[in-house]
Amino acid sequence: MSREIKVGLLGFGTVGSGTAEILLEQSELLKRRSGLQIRLARICDKDTETPRGLELPPGILTDDVNVLLDDPEIDIFIELMGGLEPARTFVLEAMKKGKHVVTANKALLAMHGREIFGAAEEYGVSVGFEASVGGGIPVIKAVKEGLIGNHLTTVMGIMNGTANYILTRMTDEGLDYEDALQEAQRLGYAEADPTYDVEGIDTAHKLTILASLSFGVKVELSDVFTEGITRLSLLDIDFARDLGYRIKLLAIARNTKHGTELRVHPTMVPESHLLGQIGGAYNAFYIIGDSVGKVLLYGLGAGKMPTGSAVVADVVDMARNIASSASVQTSSFGIPFKSLGSPDLIPMDSLVSRYYFRFSVLDRPGVLAGIAGILGDLGISIESVVQEGRGSEASVSIVMLTHEAEEVRVSRALKKIDALDVVSDRTVVIRIEDLQALEG
Ligand code: NDP
Ligand code: HSE
């Protein structure tokens, strides 16, 4: 029997308590499966009083992170406190002291990945980040190991549990946006600042990590075109449903012969497509490789236990490497981080898509003709128009679907339309993906 592997955990919140629960309550299962004794030796949180529904070994809890960092017997440092600082400093400090690191912190990796993976290479330790993308879905392992023999051309999907939960509750039950968000927060899906979830930032963090890994380039957060779901209303959800679509916050990364496309935005996808069927806090990753073809990974993308499951998977992987004195390469980024070049980005302006517009306008004669004129002048062809008296008395909604149009022309048209006196609110834009083109 090899030596005991000791683990220190920083952040005893939603994911931290799920992780601790698995490490403590499933230690026999982990020992049977891995052949290793993995011991949760220390837990650090600012709050050592609040009960977490777990029976902890005596003396394990501390509010001083240095107790973990300075303990030479702790082999693996789990960072689940979230945020950029001081998480970054603690992670770097742990690596400097020779500890391997496991983190679920996608914001940290998306913003400081170069520094963190660089430090791991310098200090000869590994960084496990399975939980940072897709909650309990082993998507990092799939891309890094299971699909290693492929050139990946497309990685797309639903990558934020909170946003998908909100959209699903709005679609299926007509629940109000704010109520759905509060429920997602209560269930432990949302980030400390839920703006990250609903503005698409968390999804962009995940796409930054996943696209870097999938395409072997260093994607920066600023490379990802990002739009969230905050401007959508029940009206848009109803219109989409009437038209046979579901609105999803979709993340799309594609490597084409013209370059790399990276975008996150609300998207109308056919209700009948697999991605249209993903509900609640579930995530789905649709990956296309040149050898494997299409792969779909589906599971809970957020929450205490699913995310804890992913953290524990990394801990066991690392423990195995430590016990066998294997090279750290298998559990780090997979590709030496410093060797990553930059992606050849396709500008968002050159995207060609079909569009859904919802104009909020004063119900006056000639309004529709004015809007149609601007679109026509820019060569944007209208597929269908619906005017519904579903708005307030002062303004009505006109919904338009377009044929394929170039994003740059759409932006120009909307700038002109939104400046019209009769337009009472900024136009809601949703890109429509029938998905065959992306799958090709
Ligand atoms: P929580 O806010 O529930 O937990 C974080 C915990 O860390 C809190 O108890 C917090 O205390 C504590 N903490 C914060 N700063 C310090 C500090 N300086 N020293 C000690 N303790 C500290 O967050 P989550 O568990 O939801 O998220 C943790 C990480 O996991 C984040 O990076 C998040 O993005 C990621 N993640 C979350 C998922 C989820 O479903 N929730 C899924 C996948 C990833 P206090 O509350 O007092 O600030
Ligand atoms: N807030 C994130 C989500 C947690 O809702 O998907 C999982 O990364």
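Residues numbered from 1 in each chain as written. Chains lettered and ligands numbered in written order. Predicted model: local features only at pLDDT ≥ 70, side-chain atom pairs only at ≥ 80, totals over all residues. Heavy atoms only, no water.

### Looking at the pairing of strand S11 (residues 282-289)
Step number 1: For S11, a buried count of 7 out of 8 residues is recorded, marking the element as mostly surrounded by other parts of the structure.
Step number 2: Relative to S11, strand S7 (residues 152-158) runs antiparallel, the two sharing 6 bridges. By the bridge assignment for S11, Gly-157 is matched with Phe-285.
Step number 3: Bridge count for S11 against strand S12 (residues 293-300) is 8 bridges, and the pairing is antiparallel. Its bridge partner being in S12, Phe-285 is matched across the sheet by Leu-297.
Step number 4: In sequence, S11 turns back onto S12 through a hairpin of 3 residues. (Buried < 20%, exposed > 50% of the residue type's maximum accessible area, 1.4 Å probe, protein only. Helix = DSSP H or I, 4+ residues; strand = E, 2+ residues; numbered from the N terminus. Pairing = 2+ DSSP bridges.)

### Some words on the site of ligand 2
Step number 1: Residues in contact with ligand 2, as listed here, are Lys-106, Asn-160, Gly-161, Thr-162, Tyr-189, Ala-190, Glu-191, Asp-197, Asp-202, Lys-206, Gly-301 and Ala-302.
Step number 2: Between ligand 2 and Asn-160 there is a distance of 3.4 Å, counted from an oxygen atom to a side-chain nitrogen or oxygen.
Step number 3: At 2.7 Å from a nitrogen atom of ligand 2 is found a main-chain nitrogen or oxygen belonging to Tyr-189.
Step number 4: With the chains in place, 94% of the 250 Å² that ligand 2 exposes on its own is no longer accessible. (Near = heavy atom within 4 Å. Polar contact = N/O pair within 3.5 Å; in protein donor to acceptor, adjacent residues only side chain to side chain. Areas by Shrake-Rupley, 256 points an atom, 1.4 Å probe, with all protein chains shown as cover.)

### Section: the side chain of Ser-126
Step number 1: Looking at where Ser-126 falls in the secondary structure, it is placed in the loop between helix H5 (106-123) and strand S6 (127-128).
Step number 2: Here His-100 takes part through its side chain, which lies 3.0 Å from a polar atom of the side chain of Ser-126.

### A look at the nonpolar core
Step number 1: In terms of nonpolar packing, the biggest core is built from 78 residues, with Phe-77, Met-95, Val-139, Leu-210, Ile-229, Phe-285 and Ile-287 touching the most fellow members.
Step number 2: Per element, the largest residue contribution to this core is 7 residues, and it comes from helix H10 (residues 201-215).
Step number 3: Ignoring any residue separated from it by four or fewer positions in sequence, one finds Phe-77 in contact with Gly-8, Leu-10, Val-65, Leu-68, Leu-69, Phe-90, Val-91, Ala-94, Lys-99, His-100, Val-101 and Val-102.
Step number 4: Counting 28 residues, the second-largest nonpolar core is a separate cluster that includes Val-7, Ile-43, Leu-80 and Ala-319. (Core = buried A, V, L, I, M, F, W, Y, C linked by side-chain atoms within 4.5 Å. Contact = heavy atoms within 4.5 Å.)

### Considerations on the packing of helix H7 (residues 161-173) against helix H8 (residues 177-186)
Step number 1: In the contact formed by H7 and H8, the axes pass within 9 Å of each other and the chain directions differ by 135°. With respect to their mutual orientation, H7 and H8 come out oblique. Between H7 and H8 the crossing geometry is right-handed. Residues Thr-162, Tyr-165, Ile-166, Arg-169 and Met-170 of H7 form the contact with H8, whose own contacting residues are Tyr-177, Ala-180, Leu-181, Glu-183 and Ala-184.
Step number 2: In terms of residue class, the contact of H7 with H8 is made up of 7 nonpolar, 1 polar and 2 charged. (Axes fitted to C-alpha atoms, helices over the stretch in contact; angles between N-to-C directions. Parallel < 35°, antiparallel > 145°, perpendicular 65-115°, else oblique. Left-handed = near helix turned anticlockwise from the far one by under 90°. Nonpolar A, V, L, I, M, F, W, Y, C, P; charged D, E, K, R; others polar.)

### Section: the domain arrangement of the protein chain
Step number 1: On domain assignment, one finds that the protein chain holds domain 1 (5-136 + 304-339), domain 2 (144-300) and domain 3 (351-439).
Step number 2: One C-alpha centre belongs to domain 2, the other to domain 3, and the line joining them spans 24 Å.
Step number 3: Contact residues are listed per partner, giving 31 residues for domain 2 and 25 residues for domain 3.
Step number 4: Between domain 2 and domain 3 lies a buried interface of about 2,300 Å² when both sides are counted; carbon and sulfur atoms form 59% of it.
Step number 5: Three residues stand out in domain 2 for area buried against domain 3, namely Arg-231, Phe-239 and Met-268, and they jointly supply 30% of the buried area on that side.
Step number 6: On inspection of domain 2 and its partner domain 3, the count reaches 4 salt bridges.
Step number 7: Residue Arg-431 pairs with Glu-227 through a salt bridge whose shortest N-O separation is 3.2 Å.
Step number 8: Put simply, domain 2 and domain 3 have 11 residue pairs in polar contact (both at pLDDT 80 or more) between them.
Step number 9: Take the side of domain 2 that touches domain 3: its biggest share by element is 8 residues, from strand S10 (residues 259-270). (Domains from an automatic or database assignment. Buried area = accessible area lost by both parts, 1.4 Å probe. Salt bridge = Lys/Arg side-chain N within 4 Å of Asp/Glu carboxyl O.)

### Examining the sheet that holds strand S3 (residues 61-62)
Step number 1: If you trace the 6 strands from one edge of the open sheet to the other, you get S3-S2-S1-S4-S5-S6, paired in parallel fashion. Both outer strands of the open sheet, S3 and S6, are each paired with one neighbouring strand and no more.
Step number 2: When strand S2 (residues 38-44) meets S3, the two strands line up parallel, connected through 2 bridges. Residue pairing in the sheet places Ile-43 in a bridge with Leu-61 of S3.
Step number 3: Contacting strand S1 (5-10), S2, strand S4 (76-79), strand S5 (100-103) and S6, helix H12 (residues 304-324) crosses the sheet at an angle of about 165° to S5.

### A few points about the site of ligand 1
Step number 1: The environment of ligand 1 is made up of 20 residues, and the closest members are Thr-14, Val-15, Asp-45, Glu-191 and Gly-303.
Step number 2: Between ligand 1 and Asp-45, the relevant distance is 2.7 Å, taken from an oxygen atom to a side-chain nitrogen or oxygen of the residue.
Step number 3: In this structure, an oxygen atom belonging to ligand 1 sits 2.6 Å away from a side-chain N or O atom of Glu-191.
Step number 4: The protein chains hide 78% of the 880 Å² of surface that ligand 1 would expose on its own.
Step number 5: Residue composition of the shell around ligand 1, by class: 8 nonpolar, 8 polar and 4 charged.

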